[in-house]
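Here's the letter readout for the chains.
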Amino acid sequence: MSRRRPVHGAPDETTMPIAVYESWLPPEHPLHRPRHGRTQRVALICVVAFLLLPAIAYAIGIRPTEFENHKLAALPGPDRGFGMFTGLDKWATDNLPLREGGVRAEDAISQGVFGELPPKGEGSGGSPFGPSTGGASSVTPEAEVAAKRNQYPEVIRGKDGWLYYGMDVSMKCVTVRSMNDVIASVARFEKILRESGRTPVVLVPPDKSTILNQYLPDQYAGKKCMTGYRDKFWPEIEKQDHILDVRKTLTDLRKVDPDEIYFKNDTHWEDMSAIAALRAVCERIQPGVSKTWKAEKVTSTTRTGDLARLLGSDQTEPWPQYRLTPDGVSGGTPEQPTSLRSMTTVRNRPAKGMIDEPAVVLGDSFSLPLDKYASNIFSNVSFGAYDDMDGGLTQIQNMIVNSKVVVLEMLERGMATGEAPLLRPKQLDKLEQMLKQHPK
């Protein structure tokens, strides 16, 4: 380092700014500072471990599991616009290997040390986005939907140990289409099918928070906007003759057996409710067809509900299962779908009590228990999802083209959100043209 000539009135060389990094100074220098102190090294190790351990886990074959009540979020692409960035958080969270183990560990520590389940964002009052006027929040651009819904709790702890899915709330408080627009699209879907010579049935199962709302807590985040939407939604559904509302059917079933409607620790309905809904669907298709049906309880196992798993709990509850015979005598339950992402087709020898026309049942997770029994009631039926199949929307539309009977099962919260691609105006235009070319 070159010497500087002293300047009158200026500080001498010993007080001039140092020309080297502090970590390069000799250790004995009073201004020496290590490049990485002990706390810095610990922080760096934690950062490296956080970034590398998921990659290492993936490399050795450990994959993220769908232990929550939805499919794993896909990596958002440029076609999402700004949503490509807002969706990264959900993708990274869902696809973190060993996350389920972390949730269970959190539950074990919380219950073992503190004697209570870990908090899952429960709150009280109205929407986290400010005061509500009593109805759902205004229609939100797709890029903002996920971020806003994530501000609601995943699980709502109700009374007497009952659990509710947070999306019962968030999907009504944050929508992408207006209620009237969605209902109009469903009406057009039904009209297109009927005019093509097909028999359509649109089934809308109620959310657990609707049919068993007496166990909801007195206060929870989003209560005002959720109940406001629900109280407008069902009166509108009642006006639609083409939509099958099974709330009364389930209420009547509950009077006979109050324990067999919806699971306590799961968001879905139990098998007997699915059978009751299937009976209502088939009576809409062919009145009187279910007179010979016989549902016989064959076993009762246990299961851990999806909501319990979200809380990291292994708590189980009874799961009664049945054998449904169309003629009351013969038959069991043949091949049944375990996933709706790929098409499953079941064929049976026609018998009394069966729907003997080519059929397709499109639904969400609520249709899986229904499909299990429908596979023994239809002589020729295909099952799939209305919004998420390996072959994309084209496969869904082709399944409809090849069927005489079309059953669309869409849960209350799924219809409320208005996100089903099948019901988008452009896709309805395409479906209409396809069915005009292939009438029944």
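Residues numbered from 1 in each chain as written. Predicted model: local features only at pLDDT ≥ 70, side-chain atom pairs only at ≥ 80, totals over all residues. Heavy atoms only, no water.

Caption draft 1: Examining the overall build of the chain more closely. The secondary structure content of the chain amounts to 16 helices and 10 strands. Going through the 440 residues of the chain one by one, you find that 44% of them count as buried. Within the chain, counting contacts between residues at least 6 apart in sequence, those at least 24 apart form 71% of the total. (Helix = DSSP H or I, 4+ residues; strand = E, 2+ residues; numbered from the N terminus. Buried < 20%, exposed > 50% of the residue type's maximum accessible area, 1.4 Å probe, protein only. Contact = heavy atoms within 4.5 Å.)

Caption draft 2: How the structure looks around the confidence of the model for the chain. Here the chain shows a mean pLDDT of 82. Residues at 70 or above account for 73%. Throughout residues 1-11 the model reports pLDDT below 50, and contacts reaching past four residues in sequence, or to other chains, amount to seven contacts. Confidence drops under pLDDT 50 across residues 121-140; counting only partners more than four residues distant or on other chains, this segment forms 50 contacts. (pLDDT = per-residue confidence, 0-100.)

Caption draft 3: Representation of the packing of helix α11 (residues 271-285) against helix α13 (residues 367-374). It is at 9 Å that the axes of α11 and α13 come closest, and there the two elements cross at 65°. As judged from the angle between their axes, α11 and α13 are roughly perpendicular. For the pair α11 and α13, the sense of crossing is right-handed. Only P369, L370, K372, Y373 and A374 of α13 make contact with α11, whose side of the interface consists of D271, A274, I275, A277 and L278. (Axes fitted to C-alpha atoms, helices over the stretch in contact; angles between N-to-C directions. Parallel < 35°, antiparallel > 145°, perpendicular 65-115°, else oblique. Left-handed = near helix turned anticlockwise from the far one by under 90°.)

Caption draft 4: Main features of the nonpolar core. If you look at the biggest cluster of nonpolar residues, it comprises 55 residues, and the most contacted ones within it are W269, L278, L370 and F378. In terms of residue count, α11 provides more of this core than any other element does, 10 residues in total. Beyond its immediate stretch of four places on either side in the chain, W269 contacts L203, P205, V246, L250, I261, Y262, F263, A274, A277, F366, P369 and L370. (Core = buried A, V, L, I, M, F, W, Y, C linked by side-chain atoms within 4.5 Å.)

Caption draft 5: Spotlight on helix α9 (residues 223-238). With 16 residues, α9 should reach 22 Å at 1.5 Å per residue; the first-to-last C-alpha distance of 23 Å fits that figure. Restricting attention to buried positions, one finds in α9 the residues C225, M226, T227, G228, Y229, R230, F233, W234 and I237. (Expected span 1.5 Å × (residues − 1).)

Caption draft 6: Up close: the pattern of salt bridges. Counted according to the given criterion, the structure contains 21 salt bridges. Put simply, K159 and D218 hold a salt bridge, and the shortest N to O gap is 3.1 Å. Taken together, the positions of K159 in the loop between β1 (155-157) and β2 (163-165) and D218 in the loop between α8 (208-211) and α9 put the pair 59 residues apart, joining distant regions of the chain. According to the relative accessible area criterion, K159 is partly exposed, its value standing at 35%. (Salt bridge = Lys/Arg side-chain N within 4 Å of Asp/Glu carboxyl O.)

Caption draft 7: Geometry of the pairing of strand β9 (residues 380-385). For β9, the tally of buried residues reaches five of six residues, placing the bulk of the element in the interior. Sheet topology places strand β7 (residues 344-347) next to β9; four bridges connect them, and they run antiparallel. Pairing of R347 across the sheet is with N380, part of β9. Looking at chain direction, strand β8 (residues 359-363) and β9 are connected through five bridges and run parallel. Pairing of L362 across the sheet is with G384, part of β9. For the segment spanning β8, α13 and β9, crossover handedness is right-handed. (Pairing = 2+ DSSP bridges. Right-handed = clockwise from strand over helix to strand, strands pointing away.)

Caption draft 8: Local environment of the state of the cysteines. Across all of its chains, the model carries one disulfide by this definition. A disulfide bridge connects C173 with C225, and the sulfur atoms are separated by 1.8 Å. Note on the C173 and C225 pair: the S-S dihedral is about 90°, so by sign convention the disulfide is right-handed. Here C225 lies in helix α9 and C173 lies in helix α6 (residues 167-173), a separation of 52 residues in the sequence. Looking at C225, the relative accessible area reads 2%, which means it is buried. (Disulfide = S-S within 2.5 Å.)

Caption draft 9: View of the sheet that holds β9. The six strands are arranged β4-β3-β10-β8-β9-β7 in an open sheet whose pairing can be described as mixed. The sheet is open, and its two edges are formed by β4 (243-245) and β7, each paired on a single side. Averaged over neighbouring strand pairs, the angle between their axes works out to 20° when direction is ignored. Lying over the sheet, helix α14 (residues 392-401) contacts β8, β9 and β10 (405-409), oriented at roughly 145° with respect to β8.

Caption draft 10: Structural view of the side chain of T210. As for its placement among the helices and strands, T210 is situated in helix α8. If sequence neighbours within four positions are ignored, T210 has contacts with R230, W234, R247 and E412.

Caption draft 11: Molecular detail of the environment of K159. As a C-alpha pair, K159 and Y215 span 56 residues in sequence and 4.9 Å in three-dimensional space. Not counting residues up to four positions away in its chain, the partners in contact with K159 are Q214, Y215, L216, P217 and D218. Side-chain polar atoms of K159 contact the side chain of D218, separated by 3.1 Å. (Polar contact = N/O pair within 3.5 Å; in protein donor to acceptor, adjacent residues only side chain to side chain.)

Caption draft 12: Region of interest: the packing of aromatic side chains. In total, this model carries six aromatic pairs according to the counting rule given. Both rings, one in F233 and one in W234, keep their centres 5.2 Å apart while their planes meet at 85°; by these two values the pair is edge-to-face. Across the pair, exposure class does not vary: F233 and W234 are buried alike. Through a chain of ring-to-ring contacts, three or more aromatic side chains come together here, namely Y229, F233 and W234. Of note, K208 hangs over the ring of Y164, and the distance from its end group to the ring centre comes to 5.3 Å. Looking at R303, its charged tip hangs above the ring of F263, at a distance of 4.4 Å from the centre. (Phe/Tyr/Trp six-rings, centres within 6.5 Å; stacked < 30°, edge-to-face > 60°. Lys NZ or Arg CZ within 6 Å of the ring centre and 35° of its normal.)

Caption draft 13: Representation of α11. Look at α11: 21 Å from first C-alpha to last across 15 residues, which is about the 21 Å you get at 1.5 Å a residue. Inspection of α11 places D271, M272, S273, A274, I275, A276, A277, L278, A280, V281, C282 and I285 among the buried residues, and these make up the whole buried set.

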